[in-house]
Amino acid sequence: MGQDASKQRESLPKESLQKESPNQRKESSSLREEGYKPLYKNGMNMQINNFKIKAVNPAFNSNGNDYEIELDERTLIRELIGCPATGGEKKTVHFTEFHDIQSTTDTAINVVGVIKRVGDIKEIPTQSSGKILLKRDVTLMDDKKNTCVVTMWNDDAKDWIYVPRDIITISGAGVNKFCGFYSVKLYRTSVVVKDAVNEKSVMLKGLLDELMPESQ
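Definitions and cut-offs
Residues numbered from 1 in each chain as written. Predicted model: local features only at pLDDT ≥ 70, side-chain atom pairs only at ≥ 80, totals over all residues. Heavy atoms only, no water. Helix = DSSP H or I, 4+ residues; strand = E, 2+ residues; numbered from the N terminus. Buried < 20%, exposed > 50% of the residue type's maximum accessible area, 1.4 Å probe, protein only. Contact = heavy atoms within 4.5 Å. Expected span 1.5 Å × (residues − 1). Bend = angle between axes of the 7 residues up to and from the residue. Salt bridge = Lys/Arg side-chain N within 4 Å of Asp/Glu carboxyl O.

Asker: So what about the overall build of the chain? Which residues, and what values?
Answerer: If you tally the helices and strands in the chain, you get three helices and 12 strands. Considering the chain as a whole, with its 216 residues, one finds that 38% of them fall into the buried category. Look at the contacts in the chain between residues 6 or more apart in sequence, and 65% of them connect residues 24 or more apart.

Asker: Can you break down helix H3 (residues 199-211) residue by residue, with the values?
Answerer: Helix length check: H3 (13 residues) gives 17 Å between terminal C-alpha atoms against 18 Å at 1.5 Å per residue, within 8%. Most pronounced at Lys205, the bend in H3 amounts to some 40°. Three or more residues of H3 are buried, namely Lys200, Ser201, Leu204, Leu208 and Leu211. In this structure, the buried side of H3 is in contact with strand S6 (109-118), strand S8 (132-141) and strand S10 (167-178).

Asker: Now, about the pattern of salt bridges: what can you tell me, with residues and values included?
Answerer: If you walk through the whole model with that rule in mind, you get seven salt bridges. Of the charged contacts in the structure, one is a salt bridge between Asp155 and Lys158, with a shortest N-O distance of 3.6 Å. Taken together, the residues span about one helical turn, with Asp155 and Lys158 both in helix H2 (residues 155-159) at a distance of three residues. Connected through shared salt-bridge partners, Arg165, Asp209 and Glu214 make up one network.

Following this line, the structure appears as structure tokens:
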């Protein structure tokens, strides 16, 4: 396709897309909005070259698809301009209610909530080596004022940019159980979006002043 019909996007950053084992994913930083993701939006037509197709691991992918595309430093993505819109059925994303989180420990989940509290970073030494890990807890609230805690580590904890009253959607998160307490945890592949366009986010925006007045 000619240059007048397509616009080349930058190659994906190698450091963000290195292949990792499931255990490494849990400790790595999640992909942030300041990376390549802002280049993409719903309804965009794209041409993707040099990629792999693999079966979805439901522990890390919550979109309900059977297969996923794996990108690496060789991948090239172009936005197609002026071509007909593609059809296809729009998939409905399932969001886990806070009271159901404890029932979904084996699969990735999506959650939406208002940030009620952002905790300070804590230094946690590991028992085996004494290495210091950084941990931060963020409390989310739903439309019924139920709460859940989102736990993040290291770079995720340091790079957290959202504040109380922000409405965020987290896709592809995990569930952690510790001493009988359940919390949401971020993976390297988790995506956090403020004011996402989905039904729950829009509903919470309309209830924001009632749920969490600015004076709080």
